[in-house]
Structures are given as structure tokens and as C-alpha cells.
Amino acid sequence: MNKTLIIIKREYLSRVRKKTFILSTLLTPLLFALFFAVVIYITVKNVRNEKVAVIDPTGILQQNLTSSKAVNYQFTTDADTGNFLAKGFTAVLYAPNTGINNTGNFKLVSEKSLSRVANERIEKDITQALESNLISQKLHINPKQIDSLKQQARTISIDAVKKDEMGELSSSNFDLASGIGYVTAFLIYITLFVYGVMVMRGVMEEKTNRIAEVIVSSVKPFQLMLGKIVGIGAVGLTQFLMWIILLALLFSGISMLIPASVMEQAAQAGGGMGGANAQTSDAIRNIASAQQTLSSVNWPMVIGSFIFYFLGGYLFYASLFAAVGSAVNEDAQDAQSLTFPITIPIILAIVIMINSINDPSSTLAVWASIIPFTSPIVMMSRIPFGVPDTVPYWQLGLSAVLLVAGFLATTWLSAKIYRTGILMYGKKPSWKEMIKWISR
Amino acid sequence: MYLLETRNLKKYYATQKAVDDISFGIEPGKIFGLLGPNGAGKTTLLRMITGIFYPDEGQILFEGKPFDPQNDIGRIGYMPEERGLYKKMKIGEQALYLAQLRGLSKSEAMEGIKEWFVKLEMESWWNKKVEDLSKGMSQKLQFVTTVLHRPKLIILDEPFSGLDPVNSNVIKEEIHELARRGATIIFSTHRMEQVEEICDQIVLVNRGKKILDGTVKEVKQQFKKHLFRVGFEALPALQETPVFSVADASKDGTLTVKINDGYGPNAVLQSLMQQGAVIHSFNEVLPSLNDIFIQLVESTPASRQFLNREASMANGR
């Protein structure tokens, strides 16, 4: 058997058989699902049924203000700011008594401020009611007719909205795409670090234990480095495939367990959550709307390019981490100071990625997704928006070719540092010395 | 024919001559001691012989042909000083892995491992991890992984460090056994008493140069100071004689005498008997390798003066 293969096999098996690997592979999707389940549960729980007393002397809201699950309106005349609590209302809504032409003076009185969800809901309801009343009074048309017209129009336009000439996506698809972009780009970011550091530690172990010396007397240093990188990469790939399978199983399980109405409610409520929860509720909304729009995503493309960019990015950075591992000794501080320059582009990529999610076609996003230092993360955030609409084929192709060329270059460079560094003991080498090793 | 021969081997680093024109030859089945103070260039020399480094100049001949690391490496076993094992890996798998990297097939490797494990009483270790082993035990394992593929040339760097006398003896026996069966052994150490016991031939390097080469007996003869120890019943009062001078008189009734040029041991005995001394014993005092080592190394600065930091990097340990 080829010696590189023997090394790959050892690196792979010794890691896959570890308890920590098995646990993290099985538990991560569970925790992920649990996290979403908890967030959905809390969001649903938080939607209170607000009872609002409506004082509407001129009747501008009458007829068309419809109650919903979140807000229940009751038209009264005897409730006021003094007694609404006693009567079981959470708020009083005063409509202006100046008639339908002056609509600016609505007043909402409550003891505790209402949740943003409720506030937004009430605002929307009032607008809706006013609009309907205005239509019926000024245009003398039954608002129901308008509704059915609108409904008709909407049905007709569904296909057109999805992909018009500008290449813009409908809003729900946009949310889903950015959700997928976030998750996949962050996964690549995390794995670059986790597996990169794993490679570095492996190399450091071999060096400090002097195993490297034994092994490079039977195989070439390059074979040892390559075996380690490929073996650990295969570990990462195994973990991802397991996660994809487990997550797919879990999600189909969850969507069977959670009724569609709850998901809808979560989707509606999610939009109104403020502060730190904004992003998680965004994500929930994405997942909720994903049920309707999942089919709009090009899954083979997303998963295929995820695997490609994970592998490409991993190979690009892992060999650099291997070079660092070969240059230092046991000292963790030395390792840290040498990994710092490697981590800068990765962190930069994450910053650009957050930008690119909002504007996937910006010049910055396009170039960052082509240059191999940042492309694995940034390109992954753009691909869910659509190929070839948002990401033309030439960009994808160029990015892929450059990434492959990039990791061949970093591997070549690292191999030069590695073969010298792995046998050097003593003080940490300076940059100048490492450059000398490369040129030797 | 030599099994391994080096001719004018040179390896220069940026500012230092790590190995500077070293030639020697080792006959098959011999145990060869490579001696030298720290930083003398031993490791660099060994790394060239194990194919890790290429020499800048000079030749290495293995079985009479130029050394080709790609093909010849399967016939060499190298054990670096200390460690050299994966801590978290099971013993059996580790031995198997290293043997396979040496080019053995799985079944060949298993066979060899079993044989050695039985011989060194390690059978119960198979599923243990290296981190569970004591230093001596892991040294034993390392020895096994070095010789498992029946190498023609075995290179051992400080093989006895950390071993108790019992295990030291076990390994020593195995080394002799391997040599008897035709393996050639290179030994790198600075423990001179082991060298005297084990080695057939020694080479002493210092500052990258070979300063001594020969069998233990030859070397001792070369450095002998013509000293003899004479034991008496009672220390006689001796007259001045041109034959010898007293170098040392000890309380237990022995004299160490230095024979002057032009005389032999018989002349000493004659002279002593003429003076009526009753002699119990008469031995030649040969210098220990330790003395020779110290004498030779001390005449040069004990450690190299580094010209800059790079040199220290390049020289390794």
C-alpha cells in the first residue's frame, strides 16, 4: 500500500474513533435543532392576546377593523383611560373625532407599553381599516371587491416576482438565501479554524515527540504533511455528511411535529422581535418561510459548492497551519503569534461576508469571492442567492480555479517550511529564517 | 567490504560546518559507536545516514553502492533519542503503523510484532496506550519498532536512557543477538562505559571533525600512558631507578608506576625484585574511554561558539 495512504488512514481513523468526535457529530445537530425548537417555542409563547378597547366617535374604523389572534378589538363607548384595566382591556385606542380626512391623531393608551409585535399589528390593522373605509366612502366600491382583485393580481404575478429581469428575488426567497448564506459561510469559517488548528496540533505533536524524525526516515516530509492534511480533511467531510443527514432527518421530524399554524405564527411574530433576538428570530422567519420557498433554492448547487469551498478553503489554510506547527515547539504562545497572520484574512472574510449577505453583487463581495484568501467564506454567502443570476458562471469558475491554484501554492510553500521546520529544535524561527527555508 | 562507508562527508550550514570531511567504514555485523560531545555533529551525521538530509559533499556507500534513501531506507532502522511515539495511540497499532511505513505488509508486520512482543514480554500491552507506559517500557516499544523490519543497519541514539539495569541488559542482549545474526549497529551515545562494553569500533567526532577512529582496544593502546599497577605485600622503600617513576602510591599497598621510555614491563619487575619487594599483582593500566574522551574534547572548546542564532537553529540539538 502506498505510504501516504497508510498515513491518511491513521490520521483519519485515530480521530474518527475518538469519543469526542462521535459525541460532537451526534450532538451538534441535536443541539442545533433544540436551539431552534426553544426559540420557536419562546416566540410563540410570547405572543399575548391583547384586548384593546376602541373609542371611535366618528366611526372611521367601524366595520373594517378586524381582530386577530394577537390583538382583539372591541368597540366601546364607556371605557376610558381611567377604567380600561378594570374592564379587562390592556389598552385603549382613541380614534380622532375629526372625521376620516384627518387621520393623524390616533392615540394608544396602555399601562405597560405593548410589545412591538402588538404595536406593529395595531398600526397595520388601523391602516388596513382606514384604507378599506376610504375606498368604500370615497370611491364607493366595496373593499371586498378590491381584495379579490388584489388576490387575483397576486396569483397572476407569483411567477413574475420570483425572478424578474433585474435578478432580484422575492423577499421571502431573499431571506432564505441570506439565511443559508449565513449558516454555510459561518460553518466554513468555524471549520477552517477547528480543522486548521487540528492540523497544527498534529504537526506539533509529531515534532515535539520526535515521531517526525522516525517517520521522515521512511517517508518524505511532504508525504507526512499531505497525509495529515488529507486525513483530517476527510474527518471534516465525514462530520459534515453526518450533519447533513442528521439535520435533514431532524428537520423532517420537526416539521411533522410542529403544526404549520404555529410556524406561521412564529413567522409573523418573528419580524417584530427587537434587540439581540433580532437575528435569531430572523432565522426563524427564514425557516418558516423556507417551508414555502425551499424548492426555490438550488440545493445541489448549494451543497455541492459548500463541499467544494469547504475542501478548497481547508486545503488552502490547513497547509499554512501545518507550516506553523512545524516551525514551533511545545510553546503555545509561539504558535499563537505565528497563526495570527493566517487568521487575519479569515476574520476579514467574515466581515466581508456579513456585508455581502446584504448586497451580494457589490464590487467588494464579488472580488472577495474570487480571491482565494477570502473566497471560501464570501462565495458561500453569495451562492444561495442564485447561480447564474447573482453569481455569474465566470465568477464561480474563476473563483474555483483560483482556489485550487491557491491551495496548490500554499501547500508547496508550506512543504518547504515544513520539511526544514519539522527537524529543527530550539527557538522559534523568525520570519526571515522561514523565508530562507522557502527559498532553499 | 563495508556495509556502510562514508567518504569525505560534508554538511555545512550557513555559518557552521556541522559535519566537516568525515570518512569511516563499518563492517557487517559490527557494533559501531559514534561518540561526541553535545553539538558535535552526531545528529546531522545520523540524519544523512538515515536519508533525512542530503550531504553537501562526499559520498555514502551502502553495501558498496551509493546510498539511495528511496530504496535502502527499508533496510535501515532508526531510533531517535527518547519518545518518538504517538502518545494516544494503542501500542499494537502503533507498532503496526510504523512497520507498514517501513514497507512491511500487514501480515509480515503482525508476525514480527508478535514475535518481538513475546520475546520482550510485552504481549499484554497490545491495547494499552503509550501514555500509560513508563519511560522504560516505551523505550522497549521503540526498540521493537526500530528493529521489526529486520534492518541490515540499525541506528540507535542513546538506546539505554531511562532503562533500569534489568531492561538495559535485555536490550543489550538483543543488540548482541542482532549483531550475531548479521545486523550492523550504529550507536550514538556519550555514556562511555556502555561503549566499552558493547562496541567493536568507535569514532569520536568533535566540532564536525573525526578525531578518533578504531577498535576499542586499538584506541586504548593508542592513548595508553605506560602505566602499571603493582600490588605488594607491604609497600617497599624504593630507590630511585631509571626504569620507572612512581606516579601514585595508594594506602592499600599498590603503586602505580610509569615506565620510562626504552624499558618494558619486565624491566620494571626485575628492578622491583632486585630491591626485594614481594609482588602480589601486576597489571597494565589502560585509560578508560571516558578519560580519552575528556582528554580529547577538553583540548578543544567544550561546546561550539555560535556565530549567530541561525547556527544554533541549523545545528539542532
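Reading the values: the criteria
Residues numbered from 1 in each chain as written. Chains lettered and ligands numbered in written order. Predicted model: local features only at pLDDT ≥ 70, side-chain atom pairs only at ≥ 80, totals over all residues. Helix = DSSP H or I, 4+ residues; strand = E, 2+ residues; numbered from the N terminus. Buried ≥ 20, exposed ≤ 12 C-beta atoms within 10 Å, placed from the backbone. Contact = placed C-beta atoms within 7 Å. Core = buried A, V, L, I, M, F, W, Y, C linked by C-beta atoms within 7 Å. Expected span 1.5 Å × (residues − 1). Domains from an automatic or database assignment. Pairing = 2+ DSSP bridges. Axes fitted to C-alpha atoms, helices over the stretch in contact; angles between N-to-C directions. pLDDT = per-residue confidence, 0-100.

Regarding the overall build of chain A
Move 1: Counting its regular elements, chain A contains 15 helices and 4 strands.
Move 2: The buried share of chain A, taken over its 440 residues, is 37%.

Observations regarding the overall build of chain B
Move 1: If you tally the helices and strands in chain B, you get 11 helices and 14 strands.
Move 2: When burial is assessed residue by residue, chain B has 37% of its 317 residues classed as buried.
Move 3: Excluding contacts between residues fewer than 6 apart, the proportion of contacts in chain B whose partners are at least 24 apart in sequence is 72%.

Section: the nonpolar core
Move 1: V199, A318 and A322 of chain A together with I155 of chain B are the most contacted members of the largest nonpolar core, which has 130 residues in total.
Move 2: In terms of residue count, helix α10 (residues 299-327) of chain A provides more of this core than any other element does, 15 residues in total.
Move 3: Within the second largest apolar cluster, 19 residues are counted, among which are V52, L65, F89 and A95 of chain A.

Concerning α10 of chain A
Move 1: Between its terminal C-alpha atoms α10 of chain A stretches 41 Å, which fits the 42 Å expected from 29 residues at 1.5 Å a residue.
Move 2: With 21 of 29 residues buried, α10 of chain A is to be regarded as a mostly interior element.

A word on the domain arrangement of chain B
Move 1: Entries for chain B in the domain assignment read domain 1 (4-221) and domain 2 (225-285).
Move 2: On a C-alpha basis, the centroid separation for the pair domain 1 of chain B and domain 2 of chain B is 44 Å.

Here's the deal with the sheet that holds strand β2 (residues 16-26) of chain B
Hydrogen bonds along the backbone pair up the strands of a sheet, which may run parallel or antiparallel.
Residue and element names in this part refer to chain B.
Move 1: As summarised here, the arrangement of the 4 strands in space is β2-β1-β4-β5, forming an open sheet in which the pairing is antiparallel. Edge positions in the sheet fall to β2 and β5 (65-66), since each of these pairs with one other strand and no more.
Move 2: Two strands pair when backbone bridges link them, and strand β4 (residues 57-62) and β5 are joined in this way by 2 bridges, in the antiparallel orientation. Across the sheet, F62 pairs through a bridge with K65, a residue of β5.

Section: helix α4 (residues 106-119) of chain B
Count 3.6 residues to each turn of an α-helix, and residues three or four apart come out pointing the same way.
Residues and elements named next belong to chain B.
Move 1: The terminal C-alpha atoms of α4, which comprises 14 residues, lie 20 Å apart, in line with the 20 Å expected from a rise of 1.5 Å per residue.
Move 2: Looking at the buried residues of α4, the elements they touch are α3 (91-101).
Move 3: Of the residues one or two after α4, E121 is the one with positive phi, at around 55°.

With respect to unusual backbone geometry
Residue and element names in this part refer to chain B.
Move 1: Positive phi is not limited to glycine here, since R207 has a value of about 50°.
Move 2: Tracing the backbone through its elements, the reader meets R207 in the loop between β9 (201-206) and β10 (209-215).
Move 3: Residues other than glycine seldom take positive phi values, yet H226 does so here, at roughly 55°.
Move 4: Inspection of the secondary structure puts H226 in the loop between α8 (216-222) and β11 (227-232).

Focus: the sheet that holds strand β12 (residues 244-250) of chain B
Residues and elements named next belong to chain B.
Move 1: Spatially, β12-β13-β11-β14 is the arrangement adopted by the 4 strands of the open sheet, whose pairing is antiparallel. Looking at strand neighbours, the two that pair on one side only are β12 and β14 (279-285), the edges of this open sheet. Across the sheet, the axes of successive neighbouring strands diverge by a mean angle of 25°, strand direction being ignored.
Move 2: Judged from the 5 bridges that link them, β11 and strand β13 (residues 254-259) form a sheet pairing that is antiparallel. Each bridged residue has a counterpart across the sheet, and for F228 the counterpart in β13 is V257.

Details of the confidence of the model for chain B
Residue and element names in this part refer to chain B.
Move 1: Across chain B, pLDDT averages 81, with 93% of residues at or above 70.
Move 2: Confidence over residues 307-317 falls short of pLDDT 50; this stretch has 33 contacts with residues more than four positions distant or in other chains.
Move 3: Reported for the predicted complex are a pTM of 0.70 and an ipTM of 0.72.

Focus on the pairing of β9 of chain B
All names here are of chain B.
Move 1: With 6 of 6 residues buried, β9 is to be regarded as a mostly interior element.
Move 2: Going residue by residue along β9, you find Q201, V203 and V205 tucked away on one face and I202, L204 and N206 tucked away on the opposite face as well.
Move 3: Direction of pairing for strand β3 (residues 31-35) relative to β9: parallel, over a ladder of 4 bridges. Within β9, the position partnered with G33 by the bridge is I202.
Move 4: Bridge count between β9 and β10: 6 bridges; the pairing is antiparallel. If you follow V205 over to β10, its bridge partner there is K210.
Move 5: Hairpin connection from β9 to β10: 2 residues lie between these consecutive antiparallel strands, with R207 at a positive phi of about 50°.

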